[in-house]
Amino acid sequence: MRPLWLCRRCGQPWPCGAAKVALLAEYRDGPVSLFLYLASCLHDAIEDLHQLDPSDTGSTAGVFDRFLGWPARHIHSYRVATRTSPDEEEPS
């Protein structure tokens, strides 16, 4: 629900747990596309939330983590867990 960026189903900040699961499934074969989609949402959310409360300048880092932090952590964990060889290195 914009401009508050809450989930229509559960009322939690979007992306909520269910939305994250759905997004990971939808973008399973395209993690870069997931990041691009979420970056676009982040841009819109920062603009919407700033218009609602222009004095709240401290929440930008939290909003960034809310949109882009979780997939970075999830994809990193997934890559580490699915390595086929101990000699296989992660890309830098």
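Structure: see above.
So, here is what we can say about the structure in this document. What you see is a predicted model; the values in this text were computed from it and never measured.

1. Points about the side chain of Asp48
So, step 1. Mapped onto the elements of the fold, Asp48 is located in helix H2 (residues 31-52).
So, step 2. Here Arg2 takes part through its side chain, which lies 2.8 Å from a polar atom of the side chain of Asp48.
So, step 3. Those residues in contact with Asp48 that sit more than four places away from it in its chain are Arg2, Pro3 and Trp5.

2. Brief notes about the packing of aromatic side chains
So, step 1. On inspection of all chains with the given rule, the structure shows five aromatic pairs.
So, step 2. With centroids separated by 6.0 Å and ring planes inclined at 50 degrees, the aromatic side chains of Trp5 and Trp14 adopt a geometry described as tilted. The pair Trp5 / Trp14 is uniform in exposure class, with both members buried.
So, step 3. Seen in terms of ring centroids, Trp14 and Phe67 are 5.9 Å apart; in terms of plane orientation they differ by 50 degrees. Their pairing is tilted. Of this pair, Trp14 sits in the segment before helix H1 (17-26) while Phe67 sits in helix H3 (residues 60-81), and the two are 53 residues apart along the sequence.
So, step 4. Here Trp14 falls in the buried class, since its relative accessible area comes to 16%.
So, step 5. What links up through ring pairs into an aromatic cluster is the set Trp5, Trp14, Tyr27, Tyr37 and Phe67.

3. So, the pattern of salt bridges
So, step 1. The final tally for this structure, using the stated rule, is three salt bridges.
So, step 2. The residue Arg2 makes a salt bridge to Asp48 at a minimum N-O spacing of 2.8 Å. One end of the pair, Arg2, is in the segment before H1; the other, Asp48, is in helix H2, with 46 residues separating them in the sequence.
So, step 3. The exposure class of Asp48 is buried, given its relative accessible area of 11%.
So, step 4. In this structure, Asp65 engages Arg73 in a salt bridge whose closest nitrogen and oxygen atoms are separated by 2.8 Å.

The rules behind the values
The residue count restarts for each chain, going from 1 along the sequence in the order it is written. For a predicted model such as this one, the threshold for reporting local features is a pLDDT of at least 70, and the threshold for listing and counting side-chain atom pairs is 80 or more; totals across whole chains, interfaces and linings nevertheless cover every residue. Only hydrogens and water are set aside when side-chain values are computed; all heavy atoms of the structure are taken into account. Put simply, DSSP marks the helices as runs of H or I at least four residues long and the strands as runs of E at least two long, and each gets a number from the N terminus on. For this analysis, a polar contact is any N or O atom pair within 3.5 Å, provided that within protein one partner can donate a hydrogen and the other can accept it, and provided that sequence-adjacent residues contribute only side-chain to side-chain pairs. Here a residue-residue contact requires only that any non-hydrogen atoms of the pair lie within 4.5 Å. Planes of paired rings set the category: under 30 degrees apart is stacked, over 60 is edge-to-face and the rest tilted, where pairs are Phe, Tyr or Trp rings (Trp by its six-membered ring) whose centres lie within 6.5 Å. When a residue's accessible area, from a 1.4 Å probe over protein chains only, is under 20% of the maximum for its type it is buried; when over 50% it is exposed; and in between it is partly exposed. A carboxyl oxygen of Asp or Glu within 4 Å of a side-chain nitrogen of Lys or Arg is what we treat as a salt bridge.

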